[in-house]
Amino acid sequence: KILSLNMPVLLTNAQNLLTAWRKCSRGKQAHSLTKRMLHILNQLSTHIKHPAEASRLVHTLLPFLSTTKCANIDEYREVLCIIKELTPALDSDCCGKILPLISSLLASLSHQDIRILLCMVLKEFVQVEPSLSLVAGLLTDLNSMSTTTVGEYDYDRRLQAYDRLSSATFHELAYPHALIVISQAIYDMSSNDISVRHCSSNCLGSFIHFLSSLFLNKQQEGFGMEHIIGTKKNLVSVESMEMSSITEDDSIINALNKNESSKLLASWSLESAKAVVQKVLLLHMRNAIGSDSLSLRREWMALLREMVVNLPAIASLSEYLPLVSSDTEVDFFCNINHIQIHRRIKAMSRFRDLCSAGKLSQETLLSIFMPLFMGYLFEAKGDREGNLVSAAVSSISCIAAQLQWNSYFSLLMRIFHLMASKVEHEKVLVRLLCAIIDNFHFYDAIHVDQGTGKMCLGIDSESEKGKWHGPNGEEAILNLNYSVPDHMNKRKDQQLDIQRQLENQLLPQLTKLLVSNDQIVNVKVALAVVKIVKLMPQDIMELELPRIIQNMVNLLKNRSQAVRDEARAALIAIVGFLGCNYLYFVIDTLNLTLTRGYEVHVLGFTLNALLMKVVPSLDFGAIDYCVDKLLEVLANDMFGAVSEEKDVDKIAFKMKETKRIHSFESIRLLAQTVTFRTHAIVLVKLIRDNLKRSLDPKMKCKVEMMLKQLALGFQANPSLKQDELLVFVHGLVEEGMKEEKLGKKVAAVPNLYLLTEFALQLLYNHLKRARESKRDQHALSMLDPLISLLHGCLESKFLGVVLFSMRCLCYLFRLPLPSADTIGVELINVLLMMAQKLGNIESPLVQPCFNLLIVLLKHAKNAKLTDNQFRVLLRFPIFIDLESSASNTGLLLLKAVVGQKILIPELYDMMNRVANLMVASQEAPVQKYCSQILLKFLLDYPLRFKRLQQHLDFFIANLSFEHASGREAALEMLHAVIVKFPDHVVDEQCESLFLPLVARLVNDDVSHVREMIETVLKVLMRRVSERSLQRMVSFCFSWLNEENHQLWCVANQVLGFSVEVMKGKFSQYVHEASFLALKVLNHSFKFKDHDGHGDIPKGLALWQESYYCLTMFEKLVQQFPDMCFLKNLEELWDLVCYFLLHQHVYLRQVSCRLVGFFFATCGPPGAAVASVREALLLQPSRLMLLAAYFCQQLEIDVVDDALAEQIMNNLLYVTRALYLTTLHPEKQTSWLEIVSDADASVQRRVMAALTMLGFERLVELRKGTDANLNSCNPVQDTGHGRRYPLILPIFKKLEHISLQVREVETQAIFKWYSTISTELGADGVQPYLSSMLTPLYKISESFAAKRVPYGLKSISEEVLNHIKEVVGTTCFVQAYNEIRQTLKMSREERKRMIKVNALVDPERHAKRKMRLALKHQAQKKRKLMECRTQREG
């Protein structure tokens, strides 16, 4: 009574205290006081009976139910308990105020006790609002907990509740009631259980279809498209729709009570439909789209696609339409979360195309796509190469290019915060930061200098960013003498704000990251800083940029190698971004800063690194302006005191920069970039000036090294033209030869021949790369004078000059130059005299001398060897030691001489040596040249029959040479003879060639040699006459009729060759070949009764004979497909089927291919003509037996993916054929009914198939009694008639095999599941879902006994999604849940038995625990060893 009298005062004081504490107080004390007050109110709530007091208290408590980041679960619990107690005193309006908050809590809170309390509150609300009874019952079922397992959901009850939800259900629900159901489904979308997740997704999909029908009905009632898309007038307020932002202000709460309550309780309208999509679904989608769970992202993106397709009238969804496509390979939503990385990258590429076109709003980009792509930045699984991260960076930068400045700047600041929280991903984030800065797009055509206020030309959004250009292209600031318009003043203020934020906020943030505490520079951050500075006004850029470069250069003086390396990398990146216009300034800064001690070594090393970065991206002539400065630094590093220090070992190995002189590489890069016409002489002058010091051996080596690098640089110079090069070379060579002729007394420059050698090397490199046209008269006229000049160089006393002269002449004599014929004749004598004078074959000039002689003999018209000259040539060491020579020059020279057809007896004797060398040599080039010489000799030179026969006998005799290389050479020669010789000669020699080749085919033990023999035999068969070919075939038949098993192998091989060669002409031998094949297979297999099942022996000694016989039969049926349906070959096909289980993999492969070809010939199951349907292997009993054979093949170790694919293709055909087979149309057919109505052979085959498939119980029942025939069916009447029992054992067997988790076999079975589900359709595959989903569930959820490879797990998830699309979500979820419950019960039973055994037999249980402990210890030790090995590796 006392409480009742003072209740208004108590409630007023409690309201004031709660409001004050909520607004003004923070920290633990405030929470403690609030909790205490709520507890008091909870005690008082049972005494509140007056509706006004209850409504007042609810009004006070509503802010405590807002879903904020700092929400307190205890407060939620107390408030909900109070509301529950107050419910009898509340009216419907007050309940309507609470419903949006309940929806918000259901969508976000994961505490199970709070969710159950919410369900209880809704049950209490039913007393006030009876229309809530349906929603309260649904919500109670959707949050129900298991009565047997603590802390686990009651999945059956939850799934049954979701089954009751459909599109029609939402027609019965008011807007706020449906919002509660939708909130629950949104929460369940994040469930780890696939069945719950699919059901919630299906529920939201039904809701979307309901909204689609709502829009359609409104259209039909006369609402136009404008009204459907609608204005924003009278929309439900954002506070109530978001369900999460109830403010603490009383005025907002009152507004919610007055304005929104009626709308929430009203029936559905277009405005409310739009609001629930925009403020509920899209809001929670934004929160979930960046989740780490790929499955969750996939579900939400599929839901977004449903909204886009079904609700195009909503403006916020219509902009997604270009991303939708009927082709799943192109559709963005189907590929962005695909399990294959390349599909995601392709989807991102399509998004970038749409985003770059400006067809997506900023809100869409920030709310959906930004969190989606940000999640991919930190996803490393399956993206080892970083391609996904690169695509995500490109996509986010593309989004940044479409943002306004505030959003753009917020994105940059967000990245800085992520760098602090995700230190392990700092590199990726810095990379993203640089990419976003690259897409800076906020400066228009006119800019304002922040310091002076003057107008200046700015950045073009489509041109280079960060450069201000004058009218003539120079960088400048132009003073404008006219007044600035008002809109330009606004733009000026906006751009000044942007510049101020760049300078005051962004640049300091980047500067903090630039150098670490250890003075190590972050290269990418340094580059980002420079990019920001380039966006500044001109005066700030001119101030900051030199300061940054100077700081990088100063760090190069640090003695720490790591600091110098990072500083150098940063400097290189900066110069690479700024371009060559800043190169002179950087070089000058380096030269002025690095002046003493080890710093000068760092200078040369850094300069080389800069050139290596800059030069590849420059056009020629871009750095001509700083060549003098570069040469000054490089000359000191190569020839000055710095280079002398590098010669001291103690200094050279002290630092990385002192190990060697890098300036030689810099000279090469410089020569590669400068303008050759103007600066080639400048570079050569540097060398000429240092030739005076080249008397010192060390200095001479440096000059030679510089000349070598200079030649390489000029060779790669794009400005190098042939005319300029030839003039340059001619001048240097002519000057050098004049100096050499004048002698030592007149010579002013020592070692000037080095420049001559350099020029000749440059010419040689050019001729070697150039492809001169023989019709270009100008080029030929420029090259012709060089022949006489190089001819004079052969008289030089310097080895290098003579050597390069010969090499250049080798290329020049290949061209039709006028001087070639006259000088060529003189050169032959000169070269012969030079070779005779040198004598020693190891001299460096001997090889070029003979190479030039070869070129002369081939290309110079008048250059001919006389008989005497050739005899003299044969006495040279190069021919005397032909067999032992390491060079092929002698063979090349002999080939050139043979081409001139010199007829002397010594040449014929030389051919015998060449033939012996061809077989005996182990060098492939030697064998090649010998074969070419012999073939040319045999074709072009006059030969008597006896000599020709001697050569052929030599080749045949060497088919049995001890080394495989010799046999290969002989076979290649025989192949060339058969191809090149006339037909009559080949036909005459066919038997002398055929029989030795066949004998070698049997006896050779090297596989690739046997393949070569097969090729030669096929070529021989194609070249001989028809009569000779028939004789070869008759040989094969005679060998097959004998009892020699080795002859069977070769006979079948040769018959196979004959089928390939003769093709349709072999039809006259088909009957005899098939009969003999049957004979061989019967003998090999020891076949006794073809009507019975037979026993497959464990080992067959004659597997080779069977293999070659089946291979021949395969070629035969491929050539004559009608053989598949001949009655007289049924016994042969029976044997082929039995060889499917042979222990040798070759026989399994060929027999599997044969059966596959048989099925392909028959055509698709059910579509064949009557004659084909009666084929042997299409009989139901044989199809059953084949299915068992293929399943048994999978249980044997499959060698490769090709065999597994062939097995599954055959099994797919068999399954489809059995599914379409109807043996007894008048009644339902099962396995045992088939057996009972068939003859003995059919029964044996079916029983054998059942036994192999693991259905022995059916066999035993069949043997015992037929009383329980109906109970033997695996499944009772399912409505699928006679087709169902026929293929159930196949699915059961494949389930058993796939659970063995062997990667090749399991992967093949899963692909078969995907294909067969498509073939059978939803109704056809439904009875087998349990067998298909069990292995898929175990492997995808990692419940398999063995370790599951990642690729196999990915395929299982992909197949699960495909099966769900085929059978539908409802059927899929039901079957999936049944499997989960079954496996769960099995696990619980197993655990219970373990506990019982521990009580019954504790000693045995203890031993088991010890055994497991030892196993885990060994596994842990193995992992540690693997980690240690990886670290050491």
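Residues numbered from 1 in each chain as written. Predicted model: local features only at pLDDT ≥ 70, side-chain atom pairs only at ≥ 80, totals over all residues. Heavy atoms only, no water.

1. Here's the deal with the overall build of the protein
Of regular secondary structure, the protein possesses 70 helices and two strands. Pairs at least 24 apart in sequence give 72% of the contacts found in the protein among residues at least 6 apart. With an accessible surface of roughly 66,600 Å², the protein has 51% of that area assigned to carbon and sulfur atoms. (Helix = DSSP H or I, 4+ residues; strand = E, 2+ residues; numbered from the N terminus. Contact = heavy atoms within 4.5 Å. Areas by Shrake-Rupley, 256 points an atom, 1.4 Å probe, with all protein chains shown as cover.)

2. Some points on the packing of helix H28 (residues 583-593) against helix H29 (residues 599-614)
Relative orientation of the contacting elements H28 and H29 amounts to 165 degrees, with a least axis distance of 9 Å. Relative to H29, the element H28 lies roughly antiparallel. Crossing of H28 against H29: the hand is right-handed. Between H28, through Val 586, Ile 587, Leu 590, Asn 591 and Thr 593, and H29, the contact on the second element is made entirely by Glu 599, Leu 603, Thr 606, Leu 607 and Leu 610. (Axes fitted to C-alpha atoms, helices over the stretch in contact; angles between N-to-C directions. Parallel < 35°, antiparallel > 145°, perpendicular 65-115°, else oblique. Left-handed = near helix turned anticlockwise from the far one by under 90°.)

3. Considering the nonpolar core
Counting residues in hydrophobic clusters, the biggest one holds 480 residues, and the most contacted among them are Leu 304, Phe 332, Phe 369, Phe 373, Phe 1066, Trp 1133 and Phe 1159. For this core, the element with the most residues is helix H60 (residues 1201-1219), which contributes eleven residues. Residues contacting Phe 373, with those up to four places away along its chain left out, are Phe 332, Ile 336, Met 348, Phe 351, Ala 392, Ser 395, Ile 396 and Ile 399. (Core = buried A, V, L, I, M, F, W, Y, C linked by side-chain atoms within 4.5 Å. Buried < 20%, exposed > 50% of the residue type's maximum accessible area, 1.4 Å probe, protein only.)

4. Considerations on the environment of Ser 133
Tracing the backbone shows Ser 133 in helix H7 (residues 133-142). As for Ser 133 and Lys 123, which are separated by ten residues in sequence, their C-alpha atoms are 7.2 Å apart.

5. Remarks on the pattern of salt bridges
Applying the stated rule across the entire model yields 34 salt bridges. Residues Asp 1134 and Arg 1182 are paired through a salt bridge, measuring 2.5 Å at the closest nitrogen-oxygen approach. With Asp 1134 in helix H56 (residues 1130-1138) and Arg 1182 in helix H59 (residues 1180-1195), this residue pair connects regions lying 48 residues apart in the sequence. Residue Asp 1134 is classed as buried on the basis of its relative accessible area, which comes to 5%. Within this structure, Arg 564, Asp 565, Arg 568, Lys 656 and Glu 657 form a network of salt bridges that share partners. (Salt bridge = Lys/Arg side-chain N within 4 Å of Asp/Glu carboxyl O.)

6. Digging into the packing of aromatic side chains
Where two aromatic rings form a pair, the distance of their centres and the angle of their planes describe that pair. Here the structure, examined in full by the defined rule, presents 48 aromatic pairs. Considering the side-chain rings of Trp 405 and Phe 442, the 5.2 Å spacing of their centres and the 80 degrees angle between planes classify their relative orientation as edge-to-face. Here Trp 405, found in helix H22 (residues 405-421), pairs with Phe 442, found in the loop between helix H23 (426-438) and strand E1 (446-448); they are 37 residues apart in sequence, far enough to count as distant. With relative accessibility at 8%, the residue Trp 405 sits in the buried group. What links up through ring pairs into an aromatic cluster is the set Tyr 320, Phe 332, Phe 333, Phe 351, Phe 369 and Phe 373. Lying over the aromatic face of Phe 804, Arg 807 brings its terminal NZ or CZ to 5.4 Å of the ring centre. (Phe/Tyr/Trp six-rings, centres within 6.5 Å; stacked < 30°, edge-to-face > 60°. Lys NZ or Arg CZ within 6 Å of the ring centre and 35° of its normal.)

7. Side note on a negative patch on the surface
Together, Asp 1200, Asp 1201, Glu 1205 and Glu 1303 give the surface a local cluster of negative charge. Along the polypeptide, Asp 1201 turns up in helix H60. Among the residues examined, Asp 1201 registers a relative accessible area of 54% and is labelled exposed. (Patch = residues over 30% accessible without salt bridge, like charges linked within 9 Å, V, L, I, M, F, W, Y side chains within 5 Å. Lys, Arg positive; Asp, Glu negative; His and termini not counted. Charge placed at Lys NZ, Arg CZ, Asp CG, Glu CD.)

8. Considering empty space enclosed by the protein
The final tally for this structure, using the stated rule, is five cavities of 30 Å³ or more. Here the second largest cavity defines a volume of roughly 60 Å³. As for the second largest cavity, its lining consists of Asp 1134, Cys 1137, Leu 1177, Arg 1182, Leu 1185, Leu 1186, Tyr 1189 and Arg 1245. Secondary structure elements with two or more residues in the lining of the second largest cavity: H56 and H59. In terms of residues, the lining of the second largest cavity owes the most to one element, H59, which gives four residues. Of the residues belonging to the lining of the second largest cavity, the class tally is five nonpolar, no polar and three charged. (1 Å grid on protein atoms, 1.4 Å probe; cavity = no way out; pocket = protein on both sides within 12 Å on 5 of 7 lines; lining within 4 Å. Points joined across faces, edges and corners; volume = space filled by probe spheres on them. Nonpolar A, V, L, I, M, F, W, Y, C, P; charged D, E, K, R; others polar.)

9. Details of helix H15 (residues 270-288)
Given 3.6 residues to a turn, an α-helix orients residues that are three or four positions apart in the same direction. With 19 residues, H15 should reach 27 Å at 1.5 Å per residue; the first-to-last C-alpha distance of 26 Å fits that figure. Along its length, H15 shows its largest kink, about 25 degrees, at Leu 282. (Expected span 1.5 Å × (residues − 1). Bend = angle between axes of the 7 residues up to and from the residue.)

10. Re unusual backbone geometry
Here Lys 1063, not a glycine, exhibits a phi torsion of approximately 55 degrees, which is positive. Here Lys 1063 lies in the loop between helix H53 (1045-1062) and helix H54 (1070-1085). On the accessibility criterion, Lys 1063 (48% relative accessible area) is partly exposed.

11. Comments concerning the confidence of the model for the protein
Considering every residue of the protein, the mean pLDDT works out to 79; 84% of them sit at 70 or more. Overall, residues 223-266 carries pLDDT values under 50, and its contacts beyond four positions in sequence, including any with other chains, amount to 82 contacts. Note that pLDDT drops below 50 for residues 1222-1228; the model gives that stretch 14 contacts with residues more than four away or on any other chain. (pLDDT = per-residue confidence, 0-100.)

12. Quick notes on the side chain of Gln 1193
Examined against the element boundaries, Gln 1193 turns out to sit in helix H59. Here Gln 1193 is in contact with Leu 1140, Leu 1141, Arg 1148, Cys 1152, Val 1198 and Ile 1207, once residues within four sequence places are set aside.

13. Thoughts on a nonpolar patch on the surface
Together, Val 1396, Leu 1399 and Val 1400 make up an exposed nonpolar region whose accessible area comes to about 320 Å². Within the secondary structure layout, Val 1400 lies in helix H69 (residues 1369-1400).

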